[in-house]
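Single-letter residue listing:
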Amino acid sequence: MSFEIVAKDIAGRIGLLYTKSGVVETPALFPVVDPRRQEVPLEVVEKYFNQVITNAYFLYRLTGGKAVDIKKLLGWRGVVMTDSGAYQILRYGTVEVDPDEILYFQQKIGSDIGVILDLPFDYEEPYESALLKVEETIRRAKRAAAVLKDLDMLVVAPIQGALYTDLLIRSAKELSKLGFHIYAIGSPTTLLEEYKFDLILKIVLDVKLNMMREAPLHLFGAGHPLVLPFAVALGVDLFDSASYILYARDDRIILRDRTLRLDDVKTEYLPCSTKLCYTPVKELREMPKQERMMLIAEHNLAVLREELLEIKQRIYEGTLWEYLEIKARAHPALYRFLKNLHRYRRLLEEYDPETHPDPHGLFFFADTASSRPEPMRHWTRMSHVSALSKKAVVIRVNEKPYNRSWEYIYLKGIIGDRAHILFYDPIFGIIPEELAEIYPLSQNESEGEDEAARARAYEWLDRYDVIITYNVDIPLVNKSVIKASSLEEIALYV
Ligand SMILES: [Zn+2]
C-alpha cells in the first residue's frame, strides 16, 4: 500500500504517501515548476514545500523524447510529480505525443508520480464530445493499468466528467476498478478562476461518493487558500498549482481569505508578517517588476503553506468544520455550499470519525448545523433508543452535560424512573437522559435553533402517551402537552 491514513475529520484526512524518493504528508500541495523557465528558484520553493510538479510534455518536446534525469535538471532533491500534457490539450486542443509513450517517458526521467495522458475538457464542453473523451480516457487508463506493475512510480488516473454527473460517476467507478495508486479530478481551473467554488466542490463530492474510498485523491489546479480547506474536508488529499507565480505576475497577493491587488493596498505594509513582507508597499511598487514578482511569489508560497498547516492542525483537533464556518464567510459561494451540504450528510456521517483522540469542544451554528455529521449521527443512534416509560418529561437546561445540571438531579430525586427525562437541545433536538454524556452532545456550544432538529424532536415524541414540558415550548399538534411551571409540579403528573 502506498498510502496510509493517520488522522481523520469529516471526510478529510492526514495521510502518508510513500514514493520512491520519500514520504509526502498529506494534504499536500505540489507547486508547479517549469523546466524551461523557472522564475522562482527552487531553493526558495524548497523553504515551503518538499514536493513539486512539472510538465513532462514540455520536457519531452524540449529533449525530443530523450530521457534526462528530471531531478538533476531541476536541481531538486525532494519528490517530483509529473503531468502528461493534458492541460495543454485543454488549452490548445491537442498534443503531439502518444499516450503510452508519455507514460513511459515519465518513468524514464525518474518521476515519482506520473499521470496518464487523459483527454480533459472544461465545463462548457457539449455532452456528446464529453462522453467520447470520457470513454477514450477510460480506454487509455485500462491500457496503462496493464503495465502498472512494471512502472517504478506511482500512477495517477484522472476522473473526467466536469458538470455531467452521470459521466463523473461512470468515470469514477470504471477507473476505481483498475487499481491506480492515486485518482485525480481533472481540470476545474476555469471554474476556480470564476470563483465557482460550489460547483467544483460538488464535482469532488460526486467523485468521492463513487471512487475507491481509501485511495488518495488529487485535485488539479486548485491553489487558493479559500478552496483548500473545503476540498480537504470532502476528501481531497493532493493539490497542484501555479497560483503562487501566476498571481505574482500580475501583482496579486494571495491571503488566507482573499486575493489582494497591490494597487489596492492603502496601508504602509501588507497585512502579513512573513519576513519578506517587511518591505514597505511604496518600495514594493517602485522596485523592478522581476524583483517584486519574486517577493510576491514567495509570499504566496508562504501563505499556501500556512493554510495547509492550519488545515492539518484542524484535522488533528477535530475542528475542521469550525474552520469551514470561518472560511465560508469569505465568499457567498462557499457559504451556500456549506448550507447545502446537508444533501450529502449521509456521506459525511459515514466518513467522519465518531471520536477524536483529543476531542475539542465543537461550535454549532443553527444555519449550517443540519449539514454536519454529528446531529445526523445522533438521530441515527436515536433510532435504537426506546422509550423508558410511556410518560416523557422534556426540559431545557443550560448546564452541560445536561444530566449533571441541578435541575436534572433535583427532578430525578422527585420522580425517579416514573417518566423518561429528555433534554431539549436547539441543535440535536431531543437528548434522552441516558445519552447526555456521549460525545459531542455535551462538548459543544451553539448559537440559534435548528428547525430540522425541532421537527425531528416532534416526530420522536410521538411515542409517548403523556408529555410534560418545563422551560421549553413544544406545540405538538396531535397530542396534548402539559406545561409545568415548576419542577415540583412535574411530580403531580407522573
Ligand atoms: Zn507575506
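Residues numbered from 1 in each chain as written. Predicted model: local features only at pLDDT ≥ 70, side-chain atom pairs only at ≥ 80, totals over all residues. Heavy atoms only, no water.

Definition in use: UniProt positions are given in the numbering used here, feature names are shortened, and annotations may be inferred rather than shown by experiment.
Per an unreviewed UniProt entry, the protein carries the name tRNA-guanine(15) transglycosylase and comes from Pyrobaculum islandicum. Regarding the protein, the UniProt comment filed under Catalytic activity (unreviewed entry) reads as follows: "guanosine(15) in tRNA + 7-cyano-7-carbaguanine = 7-cyano-7-carbaguanosine(15) in tRNA + guanine".

## Concerning the overall build of the protein
To keep it simple, the criterion reads: Segments assigned H or I by DSSP are reported as helices when at least four residues long, segments assigned E as strands when at least two residues long, and all are numbered from the N terminus. The cut-offs for exposure are 20% and 50% of the maximum accessible area for each residue type, with area from a 1.4 Å probe on protein chains only; residues under the lower value are buried, those over the upper are exposed, and the others partly exposed. Here, two residues are considered to be in contact whenever any of their heavy atoms come within 4.5 Å of each other. Accessibility throughout is a Shrake-Rupley quantity obtained with a 1.4 Å probe, and a residue counts as covered only by protein chains that appear here. Charged residues are defined narrowly, with Lys and Arg counted positive, Asp and Glu counted negative, and His plus the chain ends left uncounted. To locate a charge, the coordinates of NZ of Lys, CZ of Arg, CG of Asp or CD of Glu are taken.
Within the protein one finds 21 helices and 20 strands. Taking the principal axes of the C-alpha coordinates as reference, the protein spans close to 90 × 55 × 40 Å. A total of 494 residues make up the protein; the buried ones form 58% of that total. Relative to all contacts within the protein whose residues are 6 or more apart in sequence, the contacts with residues 24 or more apart total 69%. Carbon together with sulfur atoms contributes 51% to the accessible area of the protein, which is approximately 21100 Å² in total. With 62 positive and 73 negative side-chain charges, the protein shows a separation of 2 Å between the mean positions of the two kinds.

## Considering helix α5 (residues 99-108)
Threshold: In this description, one arc is meant: the one made by directions from the helix axis to the C-beta atoms. Residues adjacent in sequence count toward polar contacts only when both atoms are side-chain atoms; beyond that, a polar contact is any pair of N or O atoms within 3.5 Å, and within protein one must be able to donate a hydrogen and the other to accept it.
Of the positions making up α5, those classed as buried are P99, I102, L103, F105 and Q106. End-on view of α5: buried residues confined to an arc of 160 degrees, all on one side of the axis. Two or three places before D100, at the opening of α5, D98 has a side-chain oxygen 3.1 Å from that residue's backbone nitrogen. Backbone geometry just after α5 places G110 at a positive phi near 90 degrees.

## A word on the UniProt feature "binding site: substrate" (unreviewed entry) in the protein
Within this numbering scheme, the UniProt entry marks D118 as carrying the feature "binding site: substrate" (unreviewed entry). Tracing the chain through its elements places D118 in the loop between β7 (113-115) and α6 (127-145). Setting aside anything within four residues of it in sequence, one finds D118 in contact with A86, I89, T137, R140, P158 and Q160.

## Details of the domain arrangement of the protein
For the record, the criterion: Segmentation into domains, and thus their bounds, comes from an automatic or database assignment.
By the assigned domains, the protein splits into domain 1 (3-328) and domain 2 (363-493). Put simply, the middle of domain 1 and the middle of domain 2, counted by C-alpha atoms, are 47 Å apart.

## Some words on the sheet that holds strand β3 (residues 22-26)
Our working definition: For two strands to be treated as a pair, DSSP must find no fewer than two bridges joining them. For every element, the axis is a line fit to its C-alpha atoms; helices are fit only across the contacting stretch, and the angle between N-to-C directions ranges from 0 to 180 degrees.
The strand order across the open sheet formed by three strands is β1-β2-β3, and the pairing between neighbours is antiparallel. The sheet terminates laterally at β1 (3-9) and β3, the two strands that pair on one side only. Averaged over neighbouring strand pairs, the angle between their axes works out to 15 degrees when direction is ignored. Pairing of strand β2 (residues 12-19) with β3, which is carried by five bridges, proceeds in the antiparallel orientation. Across the sheet, residue Y18 finds its bridge partner in β3, namely V23.

## Topic: the side chain of D206
Take D206: it is sitting in helix α9 (residues 197-210). Those residues in contact with D206 that lie beyond four places of it in its chain are T165, L168 and Y344.

## Remarks on the UniProt feature "active site" (unreviewed entry) in the protein
Following the UniProt record, the feature "active site" (unreviewed entry) maps to D83 here. Tracing the chain through its elements places D83 in strand β6 (residues 79-83). With sequence-adjacent residues up to four places away left out, D83 is seen in contact with I53, T54, N55, A56, Y57, Q106, V115 and F220.

## Quick notes on the nonpolar core
Among soluble globular proteins, nonpolar side chains are generally buried collectively. To keep things clear, this is the line we draw: Within this scheme, the nonpolar core is defined by two criteria: the residues are buried Ala, Val, Leu, Ile, Met, Phe, Trp, Tyr or Cys, and they are joined through side-chain atoms within 4.5 Å.
Within the largest apolar cluster, 119 residues are counted, with the highest numbers of intra-cluster contacts made by F180, Y183, L219 and F239. Take this core: its biggest share by element is nine residues, from helix α13 (residues 289-317). Not counting residues up to four positions away in its chain, the partners in contact with Y183 are V156, A157, I159, L175, S176, L178, M211, M212, A215, P216, L217 and H218. Core analysis: the second largest hydrophobic core is formed by 43 residues, F364, A369, L411 and I468 among them.

## Looking at the coordination of the zinc ion
This is how it is decided: Atoms of type N, O and S within 2.8 Å of a metal are treated as its donors, and for Na, K and Ca the window is 3.2 Å; water is not considered, so some sites may appear to be missing partners. For four-coordinate sites, all angles between 85 and 135 degrees define a tetrahedron; for four- and six-coordinate sites, opposite donors beyond 155 degrees with the remaining angles between 65 and 115 define square planar and octahedral shapes respectively, and all other cases count as irregular.
Distances from the zinc ion to its protein donors, C272 (SG), T274 (OG1), C277 (SG) and H299 (ND1), fall at 2.1 to 2.3 Å. In this structure, the zinc ion is surrounded by four donor atoms whose angles at the metal cover 94 to 140 degrees, and the resulting shape is irregular. Look at where the donors of the zinc ion fall in the sequence and you get C-x1-T-x2-C-x21-H. The exposure classification of C272 matches that of C277, with both residues buried.

## Re helix α2 (residues 56-63)
Looking at α2, one finds that the buried residues are A56, Y57, F58, L59 and Y60. Contacts made by the buried residues of α2 are with β5 (51-55), α3 (70-74), β6, α4 (86-92) and α5. Between a side-chain oxygen at the N-terminus of α2 and the backbone nitrogen of Y57 the separation is 2.8 Å; the capping residue is N55. G64 lies just past α2 and shows a positive phi near 65 degrees.

## Considering empty space enclosed by the protein
Note the following rule: Here a cavity denotes a set of grid points, spaced 1 Å apart and computed over the protein atoms alone, in which a 1.4 Å probe fits but from which it cannot get out, and a pocket denotes an open set meeting protein on both sides within 12 Å along at least five of seven lines; residues with an atom within 4 Å of a point are reported as lining. Grid points are joined across faces, edges and corners, and a volume is the space filled by probe spheres set on the points.
Inspection of the entire model under this criterion finds six cavities of 30 Å³ or more. Taken as a whole, the second largest cavity encloses approximately 60 Å³ of empty space.

## Focus on the pairing of strand β19 (residues 466-470)
With respect to burial, β19 is a largely interior element, four of its five residues being buried. By the bridge criterion, five bridges tie strand β15 (residues 391-395) to β19 in an arrangement that is parallel. What sits directly across from I395, in β19, is Y470. As paired elements, β19 and strand β20 (residues 481-483) share three bridges and run parallel to each other. Bridge pairing links I467 to V481 in β20.

## Digging into the packing of helix α7 (residues 165-176) against α9
Quick reminder of the rule: Throughout, the term roughly parallel applies to angles under 35 degrees, roughly antiparallel to angles over 145, roughly perpendicular to angles from 65 to 115, and oblique to all others. Take the far helix as your reference; a near helix turned counterclockwise from it by less than a right angle gives a left-handed crossing, and one turned clockwise gives a right-handed crossing. Any residue that is not Ala, Val, Leu, Ile, Met, Phe, Trp, Tyr, Cys, Pro, Asp, Glu, Lys or Arg is counted as polar, Gly included; the first ten are nonpolar and the last four charged.
Close contact between α7 and α9 brings their axes to 8 Å; oriented N to C, the two are set at 40 degrees. When the interaxial angle is binned, α7 and α9 end up oblique. When you trace α7 past α9, the crossing you get is right-handed. Contacts between α7 and α9 involve T165, L168, I169, A172, K173 and S176 from the first element and K202, I203, D206, V207 and N210 from the second. Its residues assigned to classes, the contact of α7 with α9 shows five nonpolar, three polar and three charged.

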